[in-house]
Amino acid sequence: MRLRNVTGSREVIAASDLVVHEPQAYRGKWHEIFGNHNPIRLEIGMGKGRFIMDLARKNPDINYVGIEKYSSVLIRGIQKLEADPLPNLYFIRMEAEEITAVFAAGEVDRIYLNFSDPWPKDRHAKRRLPSREFLQRYDEILIPEGVIEFKTDNHELFQFALEELEPAGWHLEQMTEDLHHDAQMMQENIMTEYEERFSKKGNPIYKYVIAR
């Protein structure tokens, strides 16, 4: 999917107090950003921010960090958060590969991966966010009982994600291949912009929850 460049987005992001600039400086010290020691949860690839804003609004005693690499997308999240401020949510513009340089061991409680780029070519498999390479990175920053929640409408990506679990030392806690018809897993479900669009078309949404 081609992303339309938004003129001035980098400048807006650079000036925003809602974005943590030079996040590596807070590795192991994220409680200083939030001013408390509440659990920290990440959404990697937050898009326009609907999902993580809804989570932060619903759970004021949990801290959230939204990570997005595209300035033209992140600026939409900033605009939304400016209109509806939430003290327990900050954004970072960064590449997901840098995650272990930004968060220390055991600093993160939970990670959300929603409708990640499938990187369909085999030579790009290591770039997929549910790949074993990324699972190793998540393992480094999550608390021992931490979990990852992954949602996608891409069947091939979901099958790839399932195949990566055993080699990476992870196991399934929950799984569905049709989230919106799974009463148990829908109980606490919060939709993303993509999820709403795809589900309205009748596309099945795949989801897993994994742990070590």
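So, a few notes on the structure that sits alongside this text.

About the cut-offs
Residues numbered from 1 in each chain as written. Predicted model: local features only at pLDDT ≥ 70, side-chain atom pairs only at ≥ 80, totals over all residues. Heavy atoms only, no water. Helix = DSSP H or I, 4+ residues; strand = E, 2+ residues; numbered from the N terminus. Rg over C-alpha atoms; globule rule 2.2 N^0.38 Å. Buried < 20%, exposed > 50% of the residue type's maximum accessible area, 1.4 Å probe, protein only. Contact = heavy atoms within 4.5 Å. Areas by Shrake-Rupley, 256 points an atom, 1.4 Å probe, with all protein chains shown as cover. Lys, Arg positive; Asp, Glu negative; His and termini not counted. Charge placed at Lys NZ, Arg CZ, Asp CG, Glu CD. Pairing = 2+ DSSP bridges. Right-handed = clockwise from strand over helix to strand, strands pointing away. Salt bridge = Lys/Arg side-chain N within 4 Å of Asp/Glu carboxyl O.

### Remarks on the overall build of the chain
And step 1. A count of helical and extended segments in the chain gives 8 helices and 7 strands.
And step 2. By the compact-globule yardstick of 17 Å for 212 residues, the chain fits well, its C-alpha radius of gyration being 16 Å.
And step 3. With the principal axes as the frame, the chain shows a C-alpha extent of 40 × 35 × 35 Å.
And step 4. Of all 212 residues assigned to the chain, the portion counted as buried reaches 49%.
And step 5. In the chain, of all internal contacts separated by at least 6 residues, the share reaching a separation of at least 24 is 76%.
And step 6. Summed over all atoms, the accessible surface of the chain reaches about 10900 Å², with 47% contributed by carbon and sulfur.
And step 7. Looking at the chain, you have 28 positive and 35 negative side-chain charges, and the mean spots of the two groups are 6 Å apart.

### Things to note about the pairing of strand 4 (residues 108-114)
Strand residues, when the strand is regular, have side chains that alternate between the two faces of the sheet.
And step 1. Taken across its 7 residues, strand 4 has 6 buried, putting it largely inside the fold.
And step 2. Where strand 1 (residues 40-44) and strand 4 come together, 4 bridges link them in parallel fashion. The residue bridging L42 from the neighbouring strand is I111, located in strand 4.
And step 3. Once the chain exits strand 4 it traverses helix 6 (residues 132-141) before rejoining the sheet at strand 5 (residues 142-152), and the crossover so formed is right-handed.

### Some thoughts on the environment of R197
And step 1. Within the element layout of this structure, R197 appears in helix 8 (residues 193-200).
And step 2. For R197, a relative accessible area of 44% corresponds to the partly exposed category.
And step 3. Considered as a pair, R197 and L113 are 84 residues apart in the sequence and their alpha carbons are 17 Å apart.

### Let's talk about the pattern of salt bridges
And step 1. Applying the stated criterion across every chain, the model contains 13 salt bridges.
And step 2. Note that R41 is salt-bridged to D109, the shortest N-O span being 2.6 Å. On the criterion of sequence distance, the pair formed by R41 in strand 1 and D109 in strand 4 is long-range, its members being 68 residues apart. Judged on exposure class, the residue R41 and its partner D109 are both buried.
And step 3. Between R57 and D84 there is a salt bridge, and its shortest N-O distance comes to 2.6 Å. Here the residue R57 occupies a position in helix 3 (residues 50-58), and D84 occupies one in the loop between helix 4 (71-83) and strand 3 (89-93), the gap between them amounting to 27 residues.
And step 4. Sharing partners across several salt bridges, the network here consists of R50, E196 and K200.

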